[in-house]
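Each chain, letter by letter, is given below.
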Amino acid sequence: MHQEALARGGDGKTLYTDCYTGETLRGGDHYDYEHIRSSKAVFMAYRDRLTNSEIAEVVNCAENVTVTLRTINQSKGKTRIEDWLSNTDNVTNHRISIALAKSAAAKADMGIEQKVKKILSRAK
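Before going into details, it helps to say that this report is about the structure given with it. This one's a predicted model, so the numbers in the text were calculated from it and none came from an experiment. (Residues numbered from 1 in each chain as written. Predicted model: local features only at pLDDT ≥ 70, side-chain atom pairs only at ≥ 80, totals over all residues. Heavy atoms only, no water.)

Brief notes about the packing of helix H2 (residues 39-46) against helix H3 (residues 52-59)
How we decide: As a rule, the C-alpha atoms of each element are fitted with a line to give its axis, helices using only the stretch in contact, and angles between N-to-C directions run from 0 to 180 degrees. Segments assigned H or I by DSSP are reported as helices when at least four residues long, segments assigned E as strands when at least two residues long, and all are numbered from the N terminus. Roughly parallel means an angle under 35 degrees; roughly antiparallel means over 145; roughly perpendicular covers 65 to 115; every other angle is labelled oblique. It is the rotation of the near helix from the far one that decides the hand of a crossing: anticlockwise by less than a right angle makes it left-handed, clockwise makes it right-handed. Contact criterion: two residues are considered in contact whenever any of their non-hydrogen atoms come within 4.5 Å of each other. In this classification, the charged set is Asp, Glu, Lys and Arg, the nonpolar set is Ala, Val, Leu, Ile, Met, Phe, Trp, Tyr, Cys and Pro, and all remaining amino acids, among them Gly, are polar.
Axis separation between H2 and H3 bottoms out at 10 Å; the angle between their running directions is 130 degrees. When the axes of H2 and H3 are compared, the pair comes out oblique. Crossing handedness for the pair H2 and H3: right-handed. Seen from H2, the contacting residues are Ser39, Val42, Phe43 and Tyr46; seen from H3, they are Asn52, Ile55, Val58 and Val59. For the contact of H2 with H3, the per-class residue count stands at six nonpolar, two polar and no charged.

Written out as structure tokens, the structure is:
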């Protein structure tokens, strides 16, 4: 992910798009890697079918890991994105695009589901 962002930047600085605002983020900006679905949420959903190592694979699938401003990441914490978005102050204060946030969540959910299916098919 980092290497791809460096290549996009083309000048030795990373280039990302914030998953919740659509803003351009460059190396040196205050951004964090963001898990759309928290490790706790994934663990709780799949602990009966997957090992801890497999859950880590799921949590870190490419569709679930993205980039957002540090202030947004810290504000959201481990809260489900849908719950965090239901507070209009969060949306207003952080200039969140509801459409982008919902798209990021849908992409994460699809990636997580695909990763789980792949892992479970390995066990057969």
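Overview of the pattern of salt bridges
When the charged atoms of two side chains lie near each other, side chains of opposite charge can form a pair. Quick reminder of the rule: The salt bridge definition used is simple: a Lys or Arg side-chain nitrogen within 4 Å of an Asp or Glu carboxyl oxygen. A simple rule labels every residue: compare its accessible area, found with a 1.4 Å probe on the protein chains alone, to the largest value its type can have, and call it buried under 20%, exposed over 50%, or partly exposed in between.
Taken as a whole and judged by the stated rule, the model has twelve salt bridges. The partner of Arg70 in a salt bridge is Asp32, and the shortest N-O contact between them spans 2.8 Å. Taken together, the residues span a long stretch of sequence, with Arg70 in helix H4 (residues 70-76) and Asp32 in strand E3 (residues 31-35) at a distance of 38 residues. The class of Arg70 is partly exposed, set by a relative accessible area of 32%. Connected through shared salt-bridge partners, Arg37, Arg80, Glu82, Asp83 and Asp109 make up one network.

Considerations on the side chain of Glu34
Using the following cut-off: Throughout this description, a polar contact denotes any pair of N or O atoms lying within 3.5 Å of each other; where both atoms belong to protein, one of them has to be capable of donating a hydrogen while the other can accept it, and for residues adjacent in sequence the pair is counted only when both atoms sit in side chains.
Considering the arrangement of structural elements, one finds Glu34 in strand E3. Of the residues examined, Glu34 reaches a relative accessible area of 2% and is grouped as buried. A distance of 2.7 Å separates polar atoms of two side chains, one belonging to Glu34 and the other to Tyr20. Dropping the residues within four chain positions of it, Glu34 is found in contact with Cys19, Tyr20, Asn64, Val65, Thr66, Val67, Thr68, Asn73 and Lys76.

Some details on the side chain of Thr66
Along the chain, the position of Thr66 falls in strand E4 (residues 65-69). Those residues in contact with Thr66, other than ones at most four positions away along the chain, are Met1, Cys19, Asp32, Tyr33, Glu34 and Ile36.

Things to note about the layout of surface pockets
Using the following cut-off: Cavities and pockets are found on a 1 Å grid laid over the protein atoms alone: a cavity is a set of points where a 1.4 Å probe fits but cannot escape, a pocket is an open set with protein on both sides within 12 Å along at least five of seven lines, and a lining residue has an atom within 4 Å of such a point. Grid points are joined across faces, edges and corners, and a volume is the space filled by probe spheres set on the points.
What the largest pocket holds in volume is close to 440 Å³. Considering the residues around the largest pocket, the lining is formed by 20 residues, among which Met1, Val65, Thr66, Val67 and Lys107 are closest to the centre. Those elements that place two or more of their residues in the lining of the largest pocket are helix H1 (2-9), strand E1 (15-17), E4 and helix H7 (98-122). In terms of residue count, the dominant contributor to the lining of the largest pocket is H7 (four residues). A per-class count over the lining of the largest pocket returns eleven nonpolar, four polar and five charged.

Any functional reading would require information that these geometric values do not contain.
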